[in-house]
Amino acid sequence: MKKFLALLLTALFLVGCQPTPEEDAISRKNTNVLIQTIQTVEMTQADDAVPTPIPVKTQFPERFQCDFTTNGGARFTADVPIRVLCDGTFPVIRVERSNLSRDERILLVKRLLGSDTLYLHQQTVTLAYIESMIAESMRELTDEEKEAFLIDHTQEDLEEWVQSREESASYWQECYRSYNGDPQPYPKWDGSLPPGGDTIETTEYHIVCTSEPKPLNTYCHADVVSADRDEQIFYAAPRNEETGISHVHWFDNNASRPETGTERIAPEDYDRIHEGASVTASQAVGRVLPCFDGITELKVVDIFWSHNASADGDDRGKIGRWAYLIRMTPIFGNAYMPYCKATSTGGQIETDVMRPWRYEHVCAAVAGDGTLLSLIWESRLKVTEILTETAKLLPYDEILSSFQQNMNRRYPNSHFTGTVQDVTLGLFRIREQYSQDTGLLVPAWFITGEAVYESGEILSTWNESNPLCVINAIDGSIINPRIGY
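Small disclaimer: the values here were computed from a predicted structure and weren't measured.

For the protein chain, the helix and strand inventory stands at ten helices and 20 strands. A total of 485 residues make up the protein chain; the buried ones form 48% of that total. Taking contacts inside the protein chain between residues at least 6 apart in sequence as the whole, the part at least 24 apart equals 71%. As displayed, the protein chain has an accessible area near 23,900 Å², and 50% of this comes from carbon and sulfur atoms.

As a further point, take the nonpolar core. Counting 60 residues, the largest nonpolar core has Phe 64, Phe 76, Phe 403, Trp 445 and Leu 468 as its most contacted members. Among the elements that take part in this core, strand 18 (residues 438–452) stands out by supplying eight residues, more than any other. Apart from the residues lying within four places of it in its own chain, the contact partners of Trp 445 are Phe 60, Phe 64, Ile 82, Tyr 396, Ile 399, Val 423, Thr 424, Leu 425, Cys 469, Val 470, Ile 471 and Ala 473. Within the second largest apolar cluster, 40 residues are counted, among which are Ile 233, Ile 265, Ala 277 and Ala 281.

Once that is clear, we can look at a negative patch on the surface. Residues Glu 140, Asp 143, Glu 144 and Glu 147 make up a contiguous surface patch of negative charge. With respect to the helices and strands, Glu 140 occurs in the loop between helix 4 (127–138) and helix 5 (143–150).

Before going further, it helps to spend a moment on the packing of aromatic side chains. A full pass over the atoms with the stated rule returns 22 aromatic pairs. Their ring planes at 90 degrees and their centres at 6.1 Å tell us that Phe 64 and Tyr 396 sit as a pair that is edge-to-face. One end of the pair, Phe 64, is in strand 1 (residues 63–69); the other, Tyr 396, is in helix 10 (residues 396–410), with 332 residues separating them in the sequence. For the pair Phe 76 and Phe 403, a centre-to-centre distance of 6.2 Å together with 80 degrees between the ring planes defines the contact as edge-to-face. A residue pair is termed long-range when its members are at least 10 positions apart, and Phe 76 in strand 2 (residues 75–84) and Phe 403 in helix 10 qualify at 327 residues. Exposure class is identical for Phe 76 and Phe 403. Each is buried. Three or more aromatic residues joined by ring pairs make a cluster, and in this case those are Phe 60, Phe 64, Phe 68, Phe 76, Tyr 396, Phe 403, Tyr 411, Phe 416, Trp 445 and Trp 462. Above the face of the Trp 357 ring, Arg 429 is positioned so that its terminal group lies 3.8 Å from the ring centre.

With that settled, the discussion passes to the packing of helix 4 against helix 6 (residues 155–178). For the pair helix 4 and helix 6, the least separation of the axes is 8 Å and the interaxial angle reads 155 degrees. Here helix 4 lies roughly antiparallel to helix 6, going by the angle between them. When the axes of helix 4 and helix 6 are compared, the crossing they make is left-handed. Contacts between helix 4 and helix 6 pair Leu 127, Tyr 129, Ile 130, Glu 131, Met 133, Ile 134, Glu 136, Ser 137 and Met 138 from the former with Arg 165, Ser 168, Ala 169, Trp 172, Gln 173, Cys 175 and Tyr 176 from the latter. Residues belonging to the contact of helix 4 with helix 6 are distributed by class as follows: ten nonpolar, three polar and three charged.

About the criteria used
Residues numbered from 1 in each chain as written. Predicted model: local features only at pLDDT ≥ 70, side-chain atom pairs only at ≥ 80, totals over all residues. Heavy atoms only, no water. Helix = DSSP H or I, 4+ residues; strand = E, 2+ residues; numbered from the N terminus. Buried < 20%, exposed > 50% of the residue type's maximum accessible area, 1.4 Å probe, protein only. Contact = heavy atoms within 4.5 Å. Areas by Shrake-Rupley, 256 points an atom, 1.4 Å probe, with all protein chains shown as cover. Core = buried A, V, L, I, M, F, W, Y, C linked by side-chain atoms within 4.5 Å. Patch = residues over 30% accessible without salt bridge, like charges linked within 9 Å, V, L, I, M, F, W, Y side chains within 5 Å. Salt bridge = Lys/Arg side-chain N within 4 Å of Asp/Glu carboxyl O. Lys, Arg positive; Asp, Glu negative; His and termini not counted. Charge placed at Lys NZ, Arg CZ, Asp CG, Glu CD. Phe/Tyr/Trp six-rings, centres within 6.5 Å; stacked < 30°, edge-to-face > 60°. Lys NZ or Arg CZ within 6 Å of the ring centre and 35° of its normal. Axes fitted to C-alpha atoms, helices over the stretch in contact; angles between N-to-C directions. Parallel < 35°, antiparallel > 145°, perpendicular 65-115°, else oblique. Left-handed = near helix turned anticlockwise from the far one by under 90°. Nonpolar A, V, L, I, M, F, W, Y, C, P; charged D, E, K, R; others polar.

Quick look at the structure:
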């Protein structure tokens, strides 16, 4: 904590310094200034006759177009549709990092597993393992362990952890008394999260729908993690040698690699059955969304026809299964977010003390027959304040100018052709100053593409993990997703 305060004071001092020419931004980074600007506009509108808000989709051209060469020799071209993730106007919203409640967690896992009875999967139990669990759960926590736990938790959390260890000791003692050499049935899961720590065993629980001990990859299972991690839920169907891995990560990665044969499905084709499938993309979405009813509201950003081939290892390039890969983000009012897989870790002065923060999204792989193969929900945001429901956006020409300035700044001496492949205008989260857990959702331009040398060699792919440019649509500043503002 003392280290954080010292760095914070240093950072506050640096705010008054002039930005260096190398800074990858257009300097206006202070969220307090942004909030004041928004509030000033709101007060002005309150004093005057408020005009009818103009829908965002009518404020900009249908396509994002440019063709320019930077001072350093890099050429950038674009002629792609502008995807506006909003019906009406964009809000600006204050949010904070959040987790599912116990009831929400239980409900979601029940829906994913299709069972009202849930069990906590555990490794195959031997007498030696039972004895080790009794010893560990009866061990008195050290002062150092308690102090480390309280860094990210409350005293009440600590008391609950101590109580859970006592309950665990009772459970394993009973297992010891009843042990007859056969694997012990799994205990029922009560919706609790693992306590957190430095090992997988303390940060991740596997939830299954039967008490019968079997290898984990032969079950449908849902994983929940400790409260100090951003993942809300991970689900996977059983794996077999013929179809290979079912982790959504592989389908998602390959969706961003069209050279492997994957393809983005156009929205007008969502109601058509794709070759190799027996259900439509819309029906695949219908398999996923009901799981979240009453928990969160999601909107589809993209759907791909993708596969689970590994990019490395002995199975590199081997396709075991094709599926609809569905990317979704939460809805806030009439607007939603672009799909971003980056993690914000703060600026250089903050990295060592800031807890990493993923951008919220849900990604699911649904087989061609409608079977849910895998799903992950990263992060969760809680709305704490709506600053405005009608954010005033910069004109299109100023966004183009900001984009060109940023490319000049980033590539002062480069020779390649950069092609913009997708432009999305949606809500994007920026951290509030020196805050680990709070931020603002602001309208922003999310731009992806790729760079190619004259020889045809691909220099860089700017995708959902590493976008080419994210521009704050209110003030034109450049947002660095990996920093968080």
